[in-house]
Amino acid sequence: MKTVRLGALIAAAALAVAALLAGCAADNYVPKEQPSFYRNLAQPGAQLDEAAAASMISGYRANHGLPAVTLDSDLTRMAQGQAEIMARRDKLDHAAGKPFNTRLKAAGYNAKTAAENIGAGYHTLAEAFSGWRDSPPHRANMLLKGATRIGIAAVYTPRSKYKVYWAMIVAEPDTATDGAHSGERAGPDVASRQYEVAQIGPLN
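Residues numbered from 1 in each chain as written. Predicted model: local features only at pLDDT ≥ 70, side-chain atom pairs only at ≥ 80, totals over all residues. Heavy atoms only, no water.

J.: Could you give an account of the nonpolar core, naming the residues involved and the relevant values?
T.: Leu125, Ile152, Trp166 and Met168 are the most contacted members of the largest nonpolar core, which totals 27 residues. Counting 23 residues, the second largest nonpolar core, distinct from the first, contains Tyr109, Ile118, Ala153 and Tyr165. (Core = buried A, V, L, I, M, F, W, Y, C linked by side-chain atoms within 4.5 Å. Buried < 20%, exposed > 50% of the residue type's maximum accessible area, 1.4 Å probe, protein only.)

Set out below in structure tokens:
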């Protein structure tokens, strides 16, 4: 009888140790971070992962035999400014501030070609990318031949039904001039395209 009781005590102790170890493992568990392209930007403080956006669009371009695009600080500032003014006015419009070509020249950005996509209502980078990819004019902009630079921005505005405004610019810098960052203005012959898309999906 004592042997049986001793065996039961040992088994109970082993179970207790296992439960304790499991508890410690649970306490130390760190959940995997959600990929940034699924990050909900329709909330205060949420930040767009610009590098992930450039990588995503570069991968899409590579699938079509086109060069990758790298982040450009000037184009990013332009995209940010456009997204902010659209958010302030709650209006999806390339000319919400100034026309696209005018903004390129004002920024002193020399480009052989440039294109701009804007959007509203997409709460994640994945949604914005899918929306642009599935729209022929926006897809053509993402696949702009010769483009090697990109700037992208997303701005949250709680008072809008859209919640998030987007702007993306891709460009092929004109290396025949003093450079896209020299402060010189782009000439009037710069080729540019611009398209807009709005989505009003579930406003979660």
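J.: Kindly report on the pairing of strand 4 (residues 164-173), identifying the contributing residues and their values.
T.: Where burial is concerned, most of strand 4 is hidden: nine out of the 10 residues are buried. The pairing of strand 2 (residues 111-120) with strand 4 spans nine bridges and is classified as antiparallel. By the bridge assignment, Ala115 is partnered in strand 4 with Val170. Strand direction decides the pairing type here: strand 3 (residues 149-156) and strand 4, joined by eight bridges, are antiparallel. Of the residues in strand 4, the one forming a bridge with Ile152 is Met168. (Helix = DSSP H or I, 4+ residues; strand = E, 2+ residues; numbered from the N terminus. Pairing = 2+ DSSP bridges.)

J.: So, the environment of Ala114: which residues are in play, and what are the values?
T.: Among the secondary structure elements, Ala114 is positioned in strand 2. Under the relative-accessibility criterion, Ala114 is labelled buried at 1%. Separated by 33 residues in the primary sequence, Ala114 and Ala147 place their C-alpha atoms 7.5 Å from one another.

J.: Account for unusual backbone geometry, naming residues and giving values.
T.: Apart from glycine, the bulk of residues carry a negative phi angle, and the bulk of peptide bonds sit in the trans form. The backbone phi angle of Asp90 is positive, close to 50 degrees, even though this residue is not glycine. Along the polypeptide, Asp90 turns up in the loop between helix 3 (73-89) and helix 4 (100-106). Taking relative accessible area as the criterion, Asp90 reaches 29% and is therefore assigned partly exposed. With phi around 75 degrees, Lys163 is a residue other than glycine that occupies positive phi space.

J.: Lay out the environment of Glu172 in plain terms, naming residues and giving numbers.
T.: Note that Glu172 resides in strand 4. Here Glu172 is in contact with Ala111, Lys112, Thr113, Lys145, Gly146, Ala147 and Thr148, once residues within four sequence places are set aside. (Contact = heavy atoms within 4.5 Å.)

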